[in-house]
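Spelled out from the first residue to the last, the chains are:
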Amino acid sequence: MSHVVLLYHIVWRTKKSEWTITEEYEKELYAFIHGYCRNKGATMIRIGGMPDHIHLLTTIRPDISVSEFMQVMKTESSKWLKTQREHFPYFNGWGNGYAAFTYAERDKEMIRHYIMKQKEHHHSTSFRSEYDTMLREWGLDPKDDKFFADDEDE
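Residues numbered from 1 in each chain as written. Predicted model: local features only at pLDDT ≥ 70, side-chain atom pairs only at ≥ 80, totals over all residues. Heavy atoms only, no water.

Colleague: Would you take a moment to explain the pattern of salt bridges for this structure?
Modeller: Pairs can form between side chains of opposite charge once their charged atoms are near each other. Tallied over the full model, the rule gives eight salt bridges. A salt bridge links Arg112 to Glu109; its shortest N-O distance comes to 2.4 Å. Here Arg112 pairs with Glu109, and both are found in helix α3 (residues 108–116), just three residues apart, close to one helical turn. Judged by relative accessible area, which is 22%, Arg112 ranks as partly exposed. (Salt bridge = Lys/Arg side-chain N within 4 Å of Asp/Glu carboxyl O. Helix = DSSP H or I, 4+ residues; strand = E, 2+ residues; numbered from the N terminus. Buried < 20%, exposed > 50% of the residue type's maximum accessible area, 1.4 Å probe, protein only.)

Below is the structure:
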């Protein structure tokens, strides 16, 4: 028998990083994403974010690629959000791509806590600055990254 545990910290943003996830109703969106994770056999450990982006700490089954998981999740949650116009009136879709970072089990509590404190964290740090710091921690150059590329050419 094989045992595989893949722990991911995944970040994605709203289209053009617009502030369209209303704080008053974000828990409903998070519940929808939790249901999606459960249906895919993934374990959602923590979710949180801001009106313009979401952080998800999750395990994903090894027979599902991260790209497939995120493509379907973004598509399905976008459809759901558009049926909830009274709560998310300005939501126009998700931005291009996502960022996924793998972590060891020993890092789980640190990342869970980090996601839990997103609103506090963003009192002093912009999402762009936060994202660039994450890239640098992984040895990546933010100048080469397309995460914040203009969404106009979709």
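Colleague: Where do I start with the packing of helix α1 (residues 26–39) against helix α2 (residues 66–82) in this structure?
Modeller: Helix-helix packing is described using two parameters, namely the angle between the two axes and the distance between the axes. Interhelical geometry of α1 versus α2 gives an angle of 140 degrees and a closest axis separation of 10 Å. On the basis of the axis angle, α1 is oblique to α2. In the packing of α1 onto α2, the handedness of the crossing is right-handed. Contacts between α1 and α2 pair Glu28, Leu29, Phe32, Ile33, Tyr36 and Cys37 from the former with Glu68, Phe69, Val72, Met73, Glu76, Ser77, Trp80 and Leu81 from the latter. Tallied by class, residues from the contact of α1 with α2 come to 10 nonpolar, one polar and three charged. (Axes fitted to C-alpha atoms, helices over the stretch in contact; angles between N-to-C directions. Parallel < 35°, antiparallel > 145°, perpendicular 65-115°, else oblique. Left-handed = near helix turned anticlockwise from the far one by under 90°. Contact = heavy atoms within 4.5 Å. Nonpolar A, V, L, I, M, F, W, Y, C, P; charged D, E, K, R; others polar.)

Colleague: Would you take a moment to explain the environment of Ser126 for this structure?
Modeller: Counting through the fold element by element, Ser126 comes out in the loop between α4 (118–121) and α5 (127–137). Ser126 sits in the partly exposed class, given a relative accessible area of 42%. Each C-alpha atom of the pair Ser126 and Gln84 lies 27 Å from the other, and the pair is 42 residues apart in sequence.

Colleague: Can you help me understand the packing of aromatic side chains in this one?
Modeller: To describe a pair of aromatic rings, you give the distance between the ring centres and the angle between the ring planes. Considering all chains together, one arrives at 13 aromatic pairs under this definition. Look at Phe91 and Trp94: their rings are 5.0 Å apart centre to centre, the planes differ by 70 degrees, and that puts the pair in the edge-to-face class. Considered together, Phe91 and Trp94 belong to a single accessibility category, that of buried residues. An aromatic cluster is defined as three or more aromatic residues linked by ring pairs; in this entry it consists of Phe127, Tyr131, Phe147 and Phe148. If you follow Arg13 out to its NZ or CZ, it ends over the ring of Phe147, 5.7 Å from the centre. (Phe/Tyr/Trp six-rings, centres within 6.5 Å; stacked < 30°, edge-to-face > 60°. Lys NZ or Arg CZ within 6 Å of the ring centre and 35° of its normal.)

Colleague: Whenever I open this one, the sheet that holds strand β4 (residues 99–103) confuses me. Can you help?
Modeller: One key point about sheets: their strands pair by backbone hydrogen bonds, in either a parallel or an antiparallel sense. Read across the open sheet, the four strands follow the order β2-β3-β1-β4; overall the sheet is antiparallel. Edge positions in the sheet fall to β2 (43–50) and β4, since each of these pairs with one other strand and no more. On average, each strand axis in the sheet is tilted by 15 degrees relative to the strand beside it, whichever way the strands run. Here seven bridges tie β2 to strand β3 (residues 53–59), and the two strands are oriented antiparallel to one another. Residue Met50 lies in a different strand from β3, and its bridge partner there is His53. Across the sheet, α1 is in contact with β1 (7–13), β2 and β3; its angle to β2 comes to roughly 150 degrees. (Pairing = 2+ DSSP bridges.)

Colleague: Could you clarify how one ought to interpret the pairing of β3 in this entry?
Modeller: Each regular strand carries side chains that alternate between the two faces of the sheet. Within β3, seven of the seven residues are buried, which leaves it mostly tucked inside the rest of the structure. Taking every second residue as pointing to the same face, both faces of β3 are buried, with His53, His55, Leu57 and Thr59 on one and Ile54, Leu56 and Thr58 on the other. As paired elements, β1 and β3 share seven bridges and run antiparallel to each other. Along β3, the bridge assignment pairs His9 with Leu57. Between the end of β2 and the start of β3, which pair antiparallel, lie two residues.

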